[in-house]
Amino acid sequence: MRRVLALAFLLPFSILVAPVGCKKDPPKDPTTGNLVLLLPESKHDPEYSKDCVSKLTVDGKDYSEPRGTKRTLQITTTAGNDEVKIEFSFWPQVYTNIIRTKQIKIVGDKPIEVDLRKEDPANPDLIKPIYVPTPAAVVAEMCKLARIGKDDVVFDIGCGDGRLVIQAVKDFGAKKGVGIDIREDLIKLCQENAKKDKVQDRAEFRAANALEIKDFSEASVVLLYVGDDLNLKLKPVLQKTLKKGSRVVSHRFLMGDDWPPEKSTTIMAKNNSGTETEYNLHIWTIK
Ligand SMILES: C[S@@+](CC[C@H](N)C(=O)[O-])C[C@H]1O[C@@H](n2cnc3c(N)ncnc32)[C@H](O)[C@@H]1O
C-alpha cells in the first residue's frame, strides 16, 4: 500500500520534470572558420628518430605538414558541434614529448588566433620523456646517495624496466619499492623482471601517468630520471606530499632555480653502449 502511495506521489512529479530535463538542443549545422595557430618549436629530427616528429591534429585529422611555428587552417566543425579539439605533439628536447591540447569555439568570420606556445590550464599538458635505462652502476650510486635502507619505501616515477626499484629492494634492502610508468608494456616487463629477481613480494609496479598522481606520501625515497619538464611538474606535488626527511634523487635533471639540490655529484660509468661516460646525480631532502 505504502509503495502504491509513493508511486502515486512521484508519478505526476516525474511527468512534469522529465521532459524539461531531457530535452536536447537540435543539432547545429557544421561551422567553418580560420584558425591561426602559434606553435612551440619542436626539436624533431626525422634522421635521429622517426618517432620524434611534431604532429598537429584538429578533431583527429592530421595537419602536421607543412611544419612551422605559425599555421593558418580552414576548419569545419562536425555537425552538431561548434568546437574543435586541437592537439599538438612536440619535442622541446629530443628526450621529452609534450602533447598540448586546446578546445576552441569556431565563431564569426574573423580568423581566430590560438596560442599553443603555453600550456592551457584548462587542458594540462601530457609530458612524456622517452625510455632510456640508467646503467646499473649509476643506479647503485643513486641508491647510495639516497642512503636507502631497510625502513625505506622507494618510488621510481617513470620506472622503465623496473631496475631502480629492483636494485633498491634487492641490493639495498628497502622495505618496499614502487615503480610507476605510463607505458603498460614496460610495467609488464618490470613485473617479469621482479619475478626473475625474486623480489615480486616487495616490488610493486603501477601503470599510470605520473602527472595524475597527487600524493606521494607513501614514499620515503623518490628516484627520478624523467627530464626537466616532468621534474618541474612533479616538484610541487613532491614538496607538498612527501614526509619530512624524505629524499629525492634525480639522475641528470634539476628542479628549477627555486629548489637547488643540497648536493650534486659526478661519477664515471659505462653507458648502455659500453662507453665510459660522465653522470650527474642530485639529491634534495624534504625539510
Ligand atoms: C628516461 S626513462 C627512465 C627509466 C628508469 N627510471 C631508469 O632510470 O632506468 C623515463 C621513463 O618515464 C616514463 N614516462 C614518461 N612519461 C611518463 C609519465 N607522464 N608518467 C609516468 N611515466 C612516464 C617512460 O615511459 C620511461 O620509461
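If you're wondering where the values come from, they're calculated on a predicted model, not measured in any experiment. (Residues numbered from 1 in each chain as written. Predicted model: local features only at pLDDT ≥ 70, side-chain atom pairs only at ≥ 80, totals over all residues.)

A.B. asks: Help me understand the overall build of the protein, please; the structure alone is not making it clear to me.
C.D. replies: Per the secondary structure count, the protein includes 5 helices and 15 strands. For the protein, long-range pairs separated by at least 24 residues make up 66% of all intrachain contacts whose partners lie at least 6 apart in sequence. (Helix = DSSP H or I, 4+ residues; strand = E, 2+ residues; numbered from the N terminus. Contact = placed C-beta atoms within 7 Å.)

A.B. asks: Please explain the site of the ligand as it appears in this structure.
C.D. replies: In the neighbourhood of the ligand, 24 residues make up the surrounding shell, with Thr-134, Gly-158, Gly-160, Ala-210 and Tyr-225 lying closest. Among the secondary structure elements, those contributing two or more residues to the shell around the ligand are strand 8 (126–129), helix 3 (163–170) and strand 10 (176–181). Considering only residue class, the shell around the ligand consists of 14 nonpolar, 5 polar and 5 charged. The residues that make up the shell around the ligand include at least three from each of domain 1 (32–129) and domain 2 (136–285). (Near = placed C-beta within 6 Å. Nonpolar A, V, L, I, M, F, W, Y, C, P; charged D, E, K, R; others polar. Domains from an automatic or database assignment.)

A.B. asks: Just checking my understanding: could you explain the pairing of strand 9 (residues 153–157) for this structure?
C.D. replies: On a regular strand, each side chain points to the face opposite its neighbour's, so the side chains alternate between the two faces of the sheet. Burial analysis of strand 9 places 5 of its 5 residues in the buried class, the great majority of the element. Because side chains alternate across strand 9, one face comprises the buried residues Val-153, Phe-155 and Ile-157, and the other comprises Val-154 and Asp-156, equally buried. The pairing of strand 9 with strand 10 spans 5 bridges and is parallel. Bridge pairing in strand 10 places Ile-157 opposite Ile-180. In this view, the connection linking strand 9 to its parallel neighbour strand 10 by way of helix 3 has right-handed handedness. Bridge count for strand 9 against strand 12 (residues 221–224) is 4 bridges, and the pairing is parallel. Paired with Asp-156 across the bridge in strand 12 is Leu-223. (Buried ≥ 20, exposed ≤ 12 C-beta atoms within 10 Å, placed from the backbone. Pairing = 2+ DSSP bridges. Right-handed = clockwise from strand over helix to strand, strands pointing away.)

A.B. asks: Can you help me understand the sheet that holds strand 3 (residues 61–62) in this one?
C.D. replies: Think of a sheet as strands paired side by side through backbone hydrogen bonds, with each pair either parallel or antiparallel. Spatial ordering of the open sheet is given by 3-2-5-6-8, a layout of 5 strands whose pairing is antiparallel. Strands at the two margins of the open sheet, each flanked by one partner only, are strand 3 and strand 8. Sheet analysis places strand 5 (residues 83–93) next to strand 6 (residues 96–105), joined by 9 bridges and oriented antiparallel. Each residue of the ladder has a partner; that of Glu-83, found in strand 6, is Lys-105. The sheet contacts of helix 5 (residues 227–241) involve strand 5, strand 6 and strand 8, and relative to strand 8 the element is tilted by about 130°. (Axes fitted to C-alpha atoms, helices over the stretch in contact; angles between N-to-C directions.)

A.B. asks: How should the environment of Gly-149 be read in this particular structure?
C.D. replies: Its location among the elements puts Gly-149 in the loop between helix 2 (136–145) and strand 9. With 19 residues separating them in the primary sequence, Gly-149 and Ala-168 have C-alpha atoms 8.4 Å apart.

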